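# Structural characterization, general
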Amino acid sequence: MIRDSKNAYGTVSKINHWLSAIIVIALYFVGRWMVDLDYYNSWYVDAPNLHKSFGVLVALITSFRFLWKKLTPSPAPNPNHSINIQRLSTSAHYLMYLCLSVIFISGYLISTADGRAIQVFNLISIPALPTSITNQTEISGIIHEYATDLLMLTIVLHALAALKHHFIDKDNTLIRILK
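For the structure given in this document, a descriptive report is provided here.

What counts, and at which threshold
- Residue numbers run consecutively from 1 along every chain, following the written order of its sequence.
- Local features in this predicted model are restricted to residues whose pLDDT is 70 or higher, and side-chain atom pairs enter the listing and the counts only when it is 80 or higher, whereas totals over whole chains, interfaces and linings include all residues.
- Only hydrogens and water are set aside; all other atoms, that is, all heavy atoms of the structure, feed into the side-chain values.
- To qualify as a helix, a DSSP run of H or I must reach at least 4 residues; to qualify as a strand, a run of E must reach at least 2; elements of each kind are numbered from the N terminus.
- N or O atoms closer than or at 3.5 Å make up a polar contact, with two conditions inside protein: a donor-capable atom paired with an acceptor-capable one, and, for residues adjacent in sequence, both atoms drawn from side chains.
- Any two residues whose heavy atoms approach within 4.5 Å at even a single point are treated as in contact.
- Between Lys or Arg on one side and Asp or Glu on the other, a salt bridge is scored when a side-chain nitrogen of the former is within 4 Å of a carboxyl oxygen of the latter.
- Whether a residue is buried, partly exposed or exposed follows from its accessible area with a 1.4 Å probe, protein chains only, as a fraction of its type maximum: under 20%, in between, or over 50%, in that order.
- Interaxial angles span 0 to 180 degrees and are taken between N-to-C directions of axes, which are lines fitted to C-alpha atoms, for helices over the stretch in contact.
- Any angle that falls under 35 degrees is termed roughly parallel, while one over 145 is termed roughly antiparallel, one within 65 to 115 roughly perpendicular, and all others oblique.
- Handedness of a crossing is defined here by the sense of rotation of the near helix relative to the far one, left-handed for an anticlockwise turn of less than a right angle and right-handed for a clockwise turn.
- Gly falls in the polar group here, along with every residue not listed as nonpolar (Ala, Val, Leu, Ile, Met, Phe, Trp, Tyr, Cys, Pro) or charged (Asp, Glu, Lys, Arg).
- Here is the rule: rings of Phe, Tyr and Trp (six-membered ring for Trp) pair when centre to centre is within 6.5 Å. Planes less than 30 degrees apart are stacked, more than 60 are edge-to-face, and the remainder are tilted.
- The rule for a charge over a ring is simple: NZ of Lys or CZ of Arg within 6 Å of the ring centre, and within 35 degrees of the ring normal.

## Looking at the side chain of serine 111
As for its position among the elements, serine 111 is in helix H3 (residues 83–111). A distance of 2.8 Å separates the side chain of serine 111 from the backbone oxygen of glycine 107, its partner in a polar contact. Excluding residues that lie within four positions of it along the chain, serine 111 makes contacts with Lys52, Arg116 and Ile118.

Below is the structure:
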């Protein structure tokens, strides 16, 4: 089943979900690691370039996810979940998308603060836009860091909620995105 149904996610949604999750979590830890690299480390140039490239990839996947959600609405909420649980779930998803959007914008502003384009896997360039933000790199860096921390916290809570639904409530919440 390619498209989502009333009760389950389709193959496209599952691939988008898990591919995004893996790349976002990896980017978080690589980002934390690379900020401490010194000039003489062999990864000093390559790690940021890969981080930017995979960040652009996640931005593209996320854009596709928005489009896909318009083309194939998500399965209905589990009818056994209270309205409060449904609202909390929806809010968590919106918060993750908001954090991702802030991360994409702030990452772009960090990467292009010096006026250079972003090289994506050495295949394409995303040009820098002219900006006149004082301390653009520093301000964007702080926003990027806080947004990634909030995103990771939300991802952890999202995963714990899925595990709670599976092991304690014994409902199909987790199964819908796995099978």
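And the narrative resumes.
## What about the pattern of salt bridges?
Following the criterion strictly, the structure yields 4 salt bridges and no others. A salt bridge links aspartate 114 to arginine 116, with the shortest nitrogen-to-oxygen separation between them at 2.5 Å. A salt bridge links lysine 164 to aspartate 169; the nearest nitrogen and oxygen atoms lie 2.7 Å apart. Overall, the relative accessible area of 36% leaves lysine 164 in the partly exposed class. Taken together, the shared-partner salt bridges in this structure form one network comprising Arg32, Glu145 and Asp149.

## Thoughts on the packing of helix H1 (residues 11–34) against helix H4 (residues 136–167)
Running from amino to carboxyl end, H1 crosses H4 at an angle of 135 degrees, the nearest separation of the two axes being 11 Å. Classified by the angle their axes make, H1 and H4 are oblique. Judged by the sense of rotation from one axis to the other, the crossing of H1 with H4 is left-handed. Here His17, Val24, Ile25, Tyr28, Phe29 and Arg32 of H1 come into contact with H4, specifically with Glu145, Thr148, Asp149, Leu151, Met152, Ile155 and His158. Here the contact of H1 with H4 is composed, by residue class, of 7 nonpolar, 3 polar and 3 charged.

## Some details on the packing of aromatic side chains
Applying the stated rule across the entire model yields 7 aromatic pairs. Considering the side-chain rings of tryptophan 33 and tryptophan 43, the 6.1 Å spacing of their centres and the 70 degrees angle between planes classify their relative orientation as edge-to-face. Of this pair, tryptophan 33 sits in helix H1 while tryptophan 43 sits in the loop between H1 and helix H2 (46–71), and the two are 10 residues apart along the sequence. Using a relative accessible area of 40% as the deciding quantity, one classes tryptophan 43 as partly exposed. Their ring planes at 45 degrees and their centres at 4.8 Å tell us that phenylalanine 66 and tyrosine 97 sit as a pair that is tilted. Taken together, the residues span a long stretch of sequence, with phenylalanine 66 in helix H2 and tyrosine 97 in helix H3 at a distance of 31 residues. Judged by its relative accessible area of 13%, tyrosine 97 is buried. Grouped by ring-pair contacts, the aromatic residues Tyr39, Tyr40 and Tyr44 constitute a single cluster. Seen from the ring of tryptophan 68, arginine 3 lies directly overhead, with NZ or CZ sitting 5.9 Å from the centre.

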